[in-house]
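Fold and geometry: a report
In case you want the letters, here they are:
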Amino acid sequence: MIVRKKCGFVMTSNRRLDFHDLAKLIVIFTLIPAWEPTSRVNGLPPTFSIASLRQLADKVGSRLHQVTKLVSGHDEIKKGFSDLYVKIDEMDPAEAVKQYGEKLSQAIKKKIVALERLVETAEETAASHPWKNDINITYHNAKETDGGTHGFFDPIDFHRDPRFLNEPINLDASTVHVPTNVFSRSVVVQNGVDWSKKLDASFRYNFEENPTVRGQHFCSSTGFERIYPGIRWPFSKDPEKPEMYDCRLARWYIQAASSPKDLVILLDISGSMTGLRRETAKRTVMAIMDTLNEDDFFNVLTFKNDTYFLDPCLNNTLLPATKAHKKHLSRLMQHLDTEDFANYTVALPVAFNLLARNDTARTSGCNKAIMIVSDNAPEAFEDICRLYNPDRSVRFFAYVIGREVTEYEGMTELACNNRGFVAHITTIADVRDYVEEYYQVLGRPMVLHKNHTNIWTTAHSHPRDVLGPLITVAQPVFNRSAEAGAKGSLIGVVSLDIPVEDIRKTMAPHKWGVGSYVFGINHNGRVIFHPHWKTLQKGKVSAPIQNEVDLSELEQEVATSSFNITQEHELRKKMIDLDNGTHQMRVLRQMDGGKRAYERNYQYFFSRIAGTPFSIGLAIPSTESGISGSIDKLHGARRPRAADAVSLNSTDWTIHPNWYYCETTMAHFPNLTVVLENLLSSNGLSAEDTHDLSCDKDLMESLMFDAQATRTLGDYWISTKDKHRDLYELYGITTSFVSTRAGLTRWKEVGDSTPSRDLVSSVTAAYSTDVAYPDDIANQTFLPVLETKHYFRKHSRAVEEGWYQRTVGGDLEALVTVIQDEPESANLTSDFLMVTTPVYVAKEEQKDISSLSAAVAGLIMSSQSLLDSVRQTAEESCKGLPNCVSCHSPHVNCYLLDESAFVVVDSRYPENSGKFFGVLQSEVMLSLVDSNIFKRYELRDYQAMCQPVPPTKTSSSASLLASWLTSAFGSLHLLTRTLMSLSVTLLAVVFAVDDEYYHFEPKVDINGTMEAMAKKLPPPYSCDAQYALFHSSWVASELIAEVECTANNCTKNIAVVKVPHTNLILVALDNLKSCLCNGAVVDIKPTEIIFTTEEKCNRFMAFPHRRKPTECYSYFKEEDYSECGRPWVPYQSTSATPRLRATLSYGMVAALIPLTMF
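Report follows, based on the coordinates. Please read all numbers here as calculations on a predicted model, not as lab measurements.

Here we come to the overall build of the protein. Along the protein, the regular secondary structure elements total 34 helices and 40 strands. Taking all contacts inside the protein whose residues are at least 6 apart in sequence as the whole, residues at least 24 apart take part in 74%. Of the roughly 48,600 Å² of accessible surface on the protein, a fraction of 53% belongs to carbon and sulfur atoms.

What follows is the structure in structure tokens.
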């Protein structure tokens, strides 16, 4: 029976038609609109010859398979591995991950010892240092490493070191960074720099004893930071772009300065809080939120005659201090109106009750404080405090706003009686200095308990990055002097950086085969590293687009809705709660930059790193029944020899850029090839050598084994081209290549034209023998570092490349991929195709069984050549068939689609190669989905960047007046914006923090702003996006059907045939210009999700599972808080005068801001 569906197929089977069927067809054909003359065959609509199309598909598939095996040297590679006596050992992933956790724990214990050494040195040295009021010293200033124009600083030299991303560093001394708003020659800074220089000896000792202790810091409570190894700080002399980093606002400093906290922020919006007071108050609240980390909880309440939660959706609860929550509340503050009077008798009980909630899961369970931002309080409200805070466990921090306010006794008494302090903020310029003091007050109990708690950050990057993404462990440094007494004085914080790459390196991601990967999370489920964590290239390293990414956002299970934010993620919960374990899950695995989706079964193995809040995981593809307990590891039966390294030179080659073969990676140390050749100059690779050179013995042996197994390919590829020159010309073959599981990629240009040849720049790197390189590095001759843009130098990750995983992951003999144009990396465009085939090998005793993937071999060919072959083969397949309609017919358009519905070949429009089929033929694509040829997956991207939509132009006559007014007021607006930009630039040092922190106000760049206004293209912003991806696992062989096209109310004939041996599907359809099939929208481009108010509320109220920090210091009975009520002065010495003058200057300029806001 024939069924007609809107936007769908009218499908016919292969059975014979009976009389009733014929009658129905006659009725259907009478309803079809008249066909164009060019579409007729003997006056009838075109009828595809299924026999011709089937023959075409068979020939295309078979020829691609045979040509790829021949040209790539598939059999030669397989023979090369077999001749070397392949051995396949079994590995236990569960036991391995447990051992990784133990190994990392032991390594981190050594780093903690180094950290404690720094703390002890700092505390002893500071306590014994005699204060000098007339001090005048020179030191290594990171911003003026040449000594400065006035000779105030000591010059220092730098040398590049591959262990620090080849950045210039100095291993003999640290350098000192002083924030822009701190006077670098003040008595306070000079005294601190003077005593802390003795830390250099401890820095050097730590590094010499343990070379993995690479990034060491001391941040003083007075603002300067001592950094080892010494680095040069990029200092901008542009007044519009001042350098704004302050280590006291780094997350590791704030976390180490106090225990976790619950804060309720009370913002006064009564009638007196207008103009500059209102703006200063909002900035104060945002500055407070900036100091919160993921273990803290907070909420913002506004009060006047009554008290309101800033977001009514988030009432009566404390919120985890995530980026999303802080950004959301910050936006809401921009639309506050001030009126009525400030009613403290209502506001204070609400705040106390919120902190007293028994929902322990939504609290830090540690410090509690109320932050009041107001212009005054009429009294201390002792009756309310005695009722709700009898033990003074809740501290009060009061920020009095307004230059005109001169008396605030009530606010002072309220703060002093409740173990807090009061600060008078006269201008916006004062905000940061006063706000950053509160967490040092919260840290007094920890100081008085003399407990040096280790704190751990999530993954972040230091503003002066020489190590890449890292986690930081830090401890507070206490004042041991007698003057400090019971006041609990904090000198500063010391920290050690642990590159995330060191953790990945320990887990040996190269060992676990195609499709496997390693990852890590912290106690809150936040990712610290994961291959699907999106990054942007910043200089030599990749930095995450978003700092806060949850594991549940990257590991999306197919069986459950990933959009249900209240549903518990089982893998995430297990990794947070358990020391060790496993989990199995069917997930959507995305490849090729998120353009392809595949359902895969994965087995997860995880272990906790003892002594830290982190857990590590290993994900391995599995079958429906999971992994039986072990997986296979392929390696050679003999040791590598020197000749193995020499054999690499028979072809162009590269290795995985991020695997640690020896000491460092190819990406960070391109001359690793020199090390490899020297490493193998003796017969074999001894255990002593690998220890001295920090090499991975197994990985090196596997690499050299693969090099030996593929040593004959250079000669094979040349001889094969000589024997089959006509074949190479017919298919436009330009390159033969192979990529192995040890990360080796070999290739040779075999075509007359070389579209993928190297493009070499003249960038070089300088090295010096003065640097304390390891022996294997120091003794080498360093050549210029060549930045190449060959396709296989850009795509050299072997088993981690999408085309490698797709080739091995399916039952295919030839996988065809369109090489997309990548202007920044390759001069291969969509005019070229890559065809790959897997190479399997077996154990020596099972040579008749193909059991394990050893490599992927392939070729690069011209897409035009494949198109010509399709047309020629279609014409040949029609010979002897009367009225044959196939892909060569003028009124037929044929597409070869890959498994993700991307066009490989378009018989009529070759320029469509690489495009998504749904954009070209949307209703046909929907019909392919309806008939289960393709499956549609709905996905969400929680790391998306959305582009604001530019405003549209109007041309109506009614808009002329509006245009004139816009022009006039635009000029005024431009003037005021310029003044505001200059003002905020001067004030930027007050609010800015390093890149690891959240910015709630956009950075002001006058030139950038003008350019953006001219183009009307604001910068992208973080968002959640939704999109669809498609995948075909179609097992049938053919289908003939009709598609109803709603755009023109017509019908289009189509035929679909599976191309054997490959990932291709042949789709043929009549090419009627009067019957377009694009009445629907089918695209894979992500679009921003616009949440409803209810959805937003549910998302903000969601509370994923977490594990609280175990140590808390919130109370010390003998704490001396007698000076808490006095306004805090940043530096109580004559040396503060220059800084105070600067503050007044900033404050004067800040007064312009209210004028430029309207």
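Let us look at empty space enclosed by the protein. In total, this model carries seven cavities of 30 Å³ or more according to the counting rule given. Considered as a void within the structure, the second largest cavity measures approximately 100 Å³ in volume. Forming the boundary of the second largest cavity are 15 residues, of which His217, Arg464, Val466, Leu467 and Asp497 lie nearest the centre. If one sorts the elements of the lining of the second largest cavity by residue count, strand β6 (residues 215-220) sits on top with three residues. Among the residues making up the lining of the second largest cavity, the classes are represented as seven nonpolar, four polar and four charged.

All right, on to the state of the cysteines then. With the rule as written, the count across this model stands at eight disulfides. With its sulfur 1.9 Å from that of its partner, Cys887 forms a disulfide with Cys894. Between Cys887 and Cys894 the disulfide shows an S-S torsion of about -85°. By sign, it is left-handed. As far as the burial class goes, Cys887 and Cys894 line up, both buried. Between Cys1045 and Cys1077 runs a disulfide, and the two sulfur atoms are separated by 1.8 Å. Residues Cys1045 and Cys1077 share a disulfide whose torsion about the S-S bond is about -75°; that sign makes it left-handed. Here Cys1045 is found in strand β37 (residues 1038-1045), whereas its partner Cys1077 is found in the loop between β39 (1065-1070) and β40 (1087-1088), with 32 residues between them in sequence. With relative accessibility at 2%, the residue Cys1045 sits in the buried group. A residue is classified by how much of its surface remains accessible, and Cys1077, at 2% relative accessible area, is buried.

Of all the positions in helix α9 (residues 323-332), only His325, Lys326, His328, Leu329 and Ser330 are classed as buried. The inward-facing, buried residues of α9 abut α8 (276-290), β10 (297-303), β12 (319-320) and α33 (1093-1101).

Further remarks concern a negative patch on the surface. Negative charge collects at one region of the surface, where Glu379, Asp383, Glu407, Glu409 and Glu413 lie side by side. Its relative accessible area of 66% is what places Glu409 among the exposed residues.

Here we take up the nonpolar core. Counting 138 residues, the largest nonpolar core has Tyr399 and Tyr438 as the members making the most contacts within it. At twelve residues, helix α4 (residues 93-128) tops the list of elements feeding residues into this core. Non-local contacts of Tyr438, meaning those with residues more than four positions away in its chain, are made with Lys261, Leu263, Ile288, Thr291, Leu292, Met371, Phe397, Tyr399 and Phe421. In terms of nonpolar packing, the next biggest core, distinct from the first, is built from 52 residues, Leu56, Val60, Phe705 and Val892 among them.

Counting buried positions along strand β9 (residues 261-268) gives eight out of eight residues, so the element sits mostly inside the fold. Of the two faces of β9, both are covered, the one formed by Lys261, Leu263, Ile265 and Leu267 as well as the one formed by Asp262, Val264, Leu266 and Asp268. Looking at chain direction, β9 and β10 are connected through seven bridges and run parallel. By the bridge assignment, Leu263 is partnered in β10 with Phe298. Taken together, β9, α8 and β10 constitute a β-α-β crossover, and its handedness is right-handed.

Time to look at the packing of aromatic side chains. Applying the stated rule across the entire model yields 32 aromatic pairs. Between Phe397 and Tyr438, the aromatic rings sit 5.8 Å apart at their centres with planes inclined by 65°, giving edge-to-face as the arrangement. Residue Phe397 is found in strand β14 (residues 394-401), and its partner Tyr438 is found in helix α14 (residues 438-442); the two are separated by 41 residues along the sequence. Both residues of the pair, Phe397 and Tyr438, belong to the buried class. Among the aromatic residues, those joined into a ring-pair cluster are Tyr253, Phe397, Tyr399, Phe421, Tyr438 and Tyr439. The ring of Phe153 carries Arg185 above its face, with NZ or CZ at 5.9 Å from the centroid. Taking NZ or CZ as reference, Arg589 lies 4.7 Å from the ring centre of Tyr602, over its face.

Moving on to the pattern of salt bridges. A pair can form between side chains of opposite charge whenever their charged atoms are brought close. Overall, the coordinates contain 51 salt bridges when judged by the stated rule. Put simply, Asp246 and Arg432 hold a salt bridge, and the shortest N to O gap is 3.5 Å. Taken together, the residues Asp246 in the loop between β8 (230-231) and α7 (251-257) and Arg432 in helix α13 (residues 431-435) connect sequence positions 186 residues apart. Comparing Asp246 with Arg432, the two get one shared label, buried. For Asp722, the salt bridge is made with Arg725, and the minimal N-O distance between the two is 3.2 Å. A residue is classified by how much of its surface remains accessible, and Asp722, at 49% relative accessible area, is partly exposed. A network of salt bridges, in which partner residues are shared, links Asp592, Arg596, Arg806, Asp898 and Glu899.

What follows concerns helix α18 (residues 570-577). Three or more residues of α18 are buried, namely Leu571, Arg572, Met575 and Ile576. Mapping the buried residues of α18 onto a view down its axis gives an arc of 130°, with all of them on the same face. The elements touched by buried residues of α18 are β19 (517-521), α17 (551-554), β23 (580-591), β24 (596-608) and β25 (615-622).

Right, let's talk about the pairing of strand β15 (residues 421-425) for a bit. Every regular strand shows the same layout, with side chains that alternate between the two sheet faces. A large share of β15 lies buried, amounting to five of its five residues. Residues Phe421, Ala423 and Ile425 point to one face of β15 and Val422 and His424 to the other, with burial holding for every one of them. The pairing of β14 with β15 spans five bridges and is classified as parallel. Across the sheet, Ile401 pairs through a bridge with Ile425, a residue of β15. Traced from β14 through helix α12 (residues 409-416) to β15, the parallel crossover comes out right-handed.

Turning to the sheet that holds strand β20 (residues 527-529), a few remarks are in order. In a beta sheet, neighbouring strands pair by backbone hydrogen bonds and run either parallel or antiparallel. Across the sheet, which stays open at both edges, the five strands sit in the order β20-β19-β25-β24-β23 with antiparallel pairing between neighbours. In this open sheet, the two strands that pair with only one neighbour each are β20 and β23. When strand polarity is set aside, the average angle formed by the axes of neighbouring strands in this sheet is 35°. Where β24 meets β25, eight bridges bridge the pair, whose relative direction is antiparallel. Looking at the pairing, Phe605 lines up with Leu618 of β25. Its contacts with the sheet place α4 against β23, β24 and β25, and it is angled at close to 55° to β24. Contacts from α18 reach β19, β23, β24 and β25 within the one sheet, and its direction differs from that of β24 by about 15°.

What follows covers the environment of Gly410. Relative to the helices and strands, Gly410 resides in helix α12. Residues Gly410 and Pro378, spaced 32 residues apart in sequence, show a C-alpha to C-alpha distance of 5.4 Å.

As summarised here, the arrangement of the six strands in space is β5-β7-β6-β18-β17-β16, forming an open sheet in which the pairing is antiparallel. The sheet is open, and its two edges are formed by β5 (175-177) and β16 (455-456), each paired on a single side. Pairing geometry for β6 and strand β18 (residues 490-499), over six bridges, is antiparallel. By the bridge assignment for β18, His217 is matched with Ser495. Each of β6 and β7 (225-228) is contacted by helix α6 (residues 199-209), which is oriented at about 155° to β6, the strand it contacts most.

Attention shifts here to the packing of helix α2 (residues 50-72) against helix α28 (residues 863-877). At a minimum axis distance of 9 Å, the contact between α2 and α28 shows a crossing angle of 140°. In terms of their interaxial angle, α2 and α28 are classed as oblique. Between α2 and α28 lies a crossing of right-handed hand. For the pair α2 and α28, the contacting residues are Ser52, Gln55, Leu56, Lys59, Val60, Arg63 and Leu64 in the first and Leu866, Ser869, Val870, Thr873, Ala874, Glu876 and Ser877 in the second. When the residues that make up the contact of α2 with α28 are grouped by side-chain class, the tally is six nonpolar, five polar and three charged.

So, about the environment of Val549. On the secondary structure map, Val549 appears in the loop between β22 (541-544) and α17. In the structure, Val549 is positioned 22 residues away from Val527 in sequence and 5.8 Å away in space, judged by C-alpha atoms. The contact partners of Val549, leaving out residues within four places of it in the chain, are Gly525, Arg526, Val527, Trp533, Leu554 and Gln943.

Each value, and the rule that gives it
Residues numbered from 1 in each chain as written. Predicted model: local features only at pLDDT ≥ 70, side-chain atom pairs only at ≥ 80, totals over all residues. Heavy atoms only, no water. Helix = DSSP H or I, 4+ residues; strand = E, 2+ residues; numbered from the N terminus. Contact = heavy atoms within 4.5 Å. Areas by Shrake-Rupley, 256 points an atom, 1.4 Å probe, with all protein chains shown as cover. 1 Å grid on protein atoms, 1.4 Å probe; cavity = no way out; pocket = protein on both sides within 12 Å on 5 of 7 lines; lining within 4 Å. Points joined across faces, edges and corners; volume = space filled by probe spheres on them. Nonpolar A, V, L, I, M, F, W, Y, C, P; charged D, E, K, R; others polar. Disulfide = S-S within 2.5 Å. Buried < 20%, exposed > 50% of the residue type's maximum accessible area, 1.4 Å probe, protein only. Patch = residues over 30% accessible without salt bridge, like charges linked within 9 Å, V, L, I, M, F, W, Y side chains within 5 Å. Salt bridge = Lys/Arg side-chain N within 4 Å of Asp/Glu carboxyl O. Lys, Arg positive; Asp, Glu negative; His and termini not counted. Charge placed at Lys NZ, Arg CZ, Asp CG, Glu CD. Core = buried A, V, L, I, M, F, W, Y, C linked by side-chain atoms within 4.5 Å. Pairing = 2+ DSSP bridges. Right-handed = clockwise from strand over helix to strand, strands pointing away. Phe/Tyr/Trp six-rings, centres within 6.5 Å; stacked < 30°, edge-to-face > 60°. Lys NZ or Arg CZ within 6 Å of the ring centre and 35° of its normal. Arc of directions from axis to C-beta. Axes fitted to C-alpha atoms, helices over the stretch in contact; angles between N-to-C directions. Parallel < 35°, antiparallel > 145°, perpendicular 65-115°, else oblique. Left-handed = near helix turned anticlockwise from the far one by under 90°.

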